[in-house]
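Inside the fold
The lines below spell out each chain.
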Amino acid sequence: MGKAKARIFRKGINDQLPKISRNDAISLAVKNLETGEISEAKHYITMFGLNAEELLEAGASYETVVAIKNIFT
């Protein structure tokens, strides 16, 4: 293995994404929707396949969920 590839692998080991559960993703998506960070919330919604009912049960407002309904279809 070359030096560059070894360096990339070592960097990847140190820069791993944290593991989050589905419940954490739901709460983060709701929090981001409340603060207006729609693109960040969209990231969690699409990555975990969240549906509108889960977000509403977690405390998201109905108006906000209806406003982003195109993400769920």
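Preceding block: the structure.
Attention in this report is confined to the structure presented alongside it. (Residues numbered from 1 in each chain as written. Predicted model: local features only at pLDDT ≥ 70, side-chain atom pairs only at ≥ 80, totals over all residues. Heavy atoms only, no water.)

Comments concerning the overall build of the protein chain
Scanning the protein chain for helices and strands turns up 6 helices and 0 strands. Residue burial in the protein chain is summarised as follows: out of 73 residues, 22% are buried. Taking the contacts inside the protein chain whose residues are at least 6 apart along the sequence as the reference set, 48% of them involve residues at least 24 apart. For the protein chain, the accessible area works out to roughly 5600 Å², and carbon and sulfur atoms hold 54% of it. (Helix = DSSP H or I, 4+ residues; strand = E, 2+ residues; numbered from the N terminus. Buried < 20%, exposed > 50% of the residue type's maximum accessible area, 1.4 Å probe, protein only. Contact = heavy atoms within 4.5 Å. Areas by Shrake-Rupley, 256 points an atom, 1.4 Å probe, with all protein chains shown as cover.)

Some remarks on the environment of leucine 55
Along the chain, leucine 55 falls in helix α4 (residues 52–57). Linking leucine 55 and alanine 29, residues 26 residues apart in sequence, is a C-alpha distance of 7.7 Å. In contact with leucine 55, other than residues within four places in its own chain, are Ile26, Ala29, Val30, Leu33, Ile45, Leu50, Ala60, Val65 and Phe72.

Comments concerning helix α3 (residues 38–48)
What α3 keeps buried is the set Ala41, Tyr44 and Ile45. One face of α3 carries all of its buried residues, which in axial projection span an arc of 100°. If you follow the buried residues of α3, they end up packed against α2 (22–35), α4 and α6 (69–72). (Arc of directions from axis to C-beta.)

Quick notes on α2
The end-to-end C-alpha distance of α2 is 20 Å, a good match for the 20 Å that 14 residues give at a rise of 1.5 Å each. Backbone geometry just downstream of α2 places glycine 36 in the positive-phi region, at approximately 90°. (Expected span 1.5 Å × (residues − 1).)

Some words on the pattern of salt bridges
Tallied over the entire structure, the rule returns 1 salt bridge. Between arginine 22 and glutamate 54 there is a salt bridge whose closest N-O contact spans 3.0 Å. Here glutamate 54 lies in helix α4 and arginine 22 lies in helix α2, a separation of 32 residues in the sequence. (Salt bridge = Lys/Arg side-chain N within 4 Å of Asp/Glu carboxyl O.)

By themselves these figures say nothing about function.
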